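# Topology and contacts: notes
In case you want the letters, here they are:
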Amino acid sequence: LPEAITNIGAGAFANCTSLTQINLPDPITYIGSYAFYGCTSLTQIKLPEAISTIGEAAFYNCSSLTQIKLPETITTIGQDAFRNCTSLTQIKLPEAITNIEYAALQSCSSLTQIKLPETITDIRVNALGDISRILIDTEDPENFSRIRNLVPANKRDRVVSLKMANIINNIQ
């Protein structure tokens, strides 16, 4: 793609079923709704560092996508953004992320765990889909409770702390 592009518009590559990979140029700051919807052969994508939002259903039904590294500038993952990415095994949420919208990771059946950073402030219903382990990376018990309470009630039994063990002094 040309370096002059700053946005990927809504539906720009929707249903391009032969697209296997794409490198987006650095000036891109926004990926629009349904931009890569139904790109069933897409296995990898390099996202530029300037992106702050992934639009609604941007990668919905990209069933061959195996992993994605989100730039540190991402603050919001839109509704249904990665829904039905059934081959997705790994996604690293950046420290800047604050919002994961409704069903963003719904039906990502190969994604077994996710680490939530301390910056998260809003997790919508079904945003975390069927992920079996939800890791919270904090040493602060109050912050752990705040983030755990953001996780929908029916998924709270899946929450695990990464650092809380470091502050536990006594177990009786």
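What counts and what doesn't
Along each chain, numbering runs from 1 in the same order as the chain's sequence is written. Reporting of local features is limited, given that this is a predicted model, to residues whose pLDDT is at least 70; pairs of side-chain atoms are given and counted only at 80 or more, and all residues count toward the totals for whole chains, interfaces and linings. Excluding hydrogens and water, the side-chain values take into account all heavy atoms of the structure. Where helices and strands are cited, they refer to DSSP runs of H or I of at least four residues and of E of at least two residues respectively, numbered from the N terminus. Burial here depends on accessible area, computed with a 1.4 Å probe over protein chains only, as a share of the maximum for the residue type. Under 20% is buried, over 50% is exposed, and the range in between is partly exposed. A contact between two residues is defined here by any heavy atoms of the two lying within 4.5 Å. Paired strands, as defined in this entry, are two strands with at least two bridges between them according to DSSP. Note on geometry: axes are lines fitted to C-alpha atoms, helical ones only across the stretch in contact, with angles between N-to-C directions running from 0 to 180 degrees. Working definition of a nonpolar core: buried Ala, Val, Leu, Ile, Met, Phe, Trp, Tyr and Cys residues. They are joined through side-chain atoms within 4.5 Å. Any pair of Phe, Tyr and Trp rings, taking the six-membered ring for Trp, is counted once the centres come within 6.5 Å. Such a pair is stacked with planes under 30 degrees apart, edge-to-face with planes over 60 apart, and tilted for the rest.

### Here's the deal with the side chain of Gln106
Topologically, Gln106 is positioned in the loop between β9 (99-100) and β10 (113-116). We classify Gln106 as buried; its relative accessible area is 13%. When sequence neighbours within four positions are dropped, the list of residues in contact with Gln106 reads Phe82, Arg83, Asn84, Asn126, Ala127 and Gly129.

### Focus on the environment of Ile8
Assignment of secondary structure puts Ile8 in strand β1 (residues 7-8). Taking the relative accessible area as the measure of exposure, Ile8 reaches 4% and is therefore buried. Placed 20 residues apart in sequence, Ile8 and Ile28 show a C-alpha to C-alpha distance of 7.3 Å.

### Quick look at the sheet that holds β10
Sheet architecture is open: three strands sit in the order β10-β12-β13, paired in parallel fashion. What marks the edges here is a single partner per strand, and that holds for β10 and β13 (159-161). Here the strands of the sheet are splayed against their neighbours by 30 degrees on average, with no regard to which way each runs. Here strand β12 (residues 133-136) runs beside β13; their pairing, made up of three bridges, is parallel. Paired with Ile134 across the strands is Val159, a residue of β13. Strands β10, β12 and β13 of the sheet are contacted by helix α1 (residues 141-150), whose axis makes an angle of about 160 degrees with β13.

### Overview of the nonpolar core
Ranked by size, the top nonpolar core spans 48 residues in total, and within it Phe36, Leu47, Phe59, Leu70 and Phe82 carry the most contacts. If you list the elements that add at least two residues to this core, you get β10, β12 and α1. For Phe59, the contacting residues outside a window of four places in its chain are Ile31, Phe36, Leu42, Ile45, Leu47, Ile54, Ala81, Phe82, Arg83 and Cys85.

### Brief notes about the packing of aromatic side chains
Using the criterion set out here, one finds five aromatic pairs in the structure. Ring plane angle 0 degrees and centroid distance 5.2 Å describe the contact between Phe36 and Phe59, whose orientation is recorded as stacked. Of this pair, Phe36 sits in the loop between β3 (30-31) and β4 (44-46) while Phe59 sits in the loop between β5 (53-54) and β6 (67-69), and the two are 23 residues apart along the sequence. Here Phe59 falls in the buried class, since its relative accessible area comes to 0%. On the basis of an interplanar angle of 50 degrees and a centroid distance of 5.3 Å, the ring pair of Tyr37 and Tyr60 is categorised as tilted. Linking Tyr37 in the loop between β3 and β4 with Tyr60 in the loop between β5 and β6, this pair joins segments that are 23 residues apart in sequence. The partly exposed category is assigned to Tyr37, whose relative accessible area is 27%. Pairwise contacts between aromatic rings join Phe13, Phe36, Phe59 and Phe82 into one cluster.

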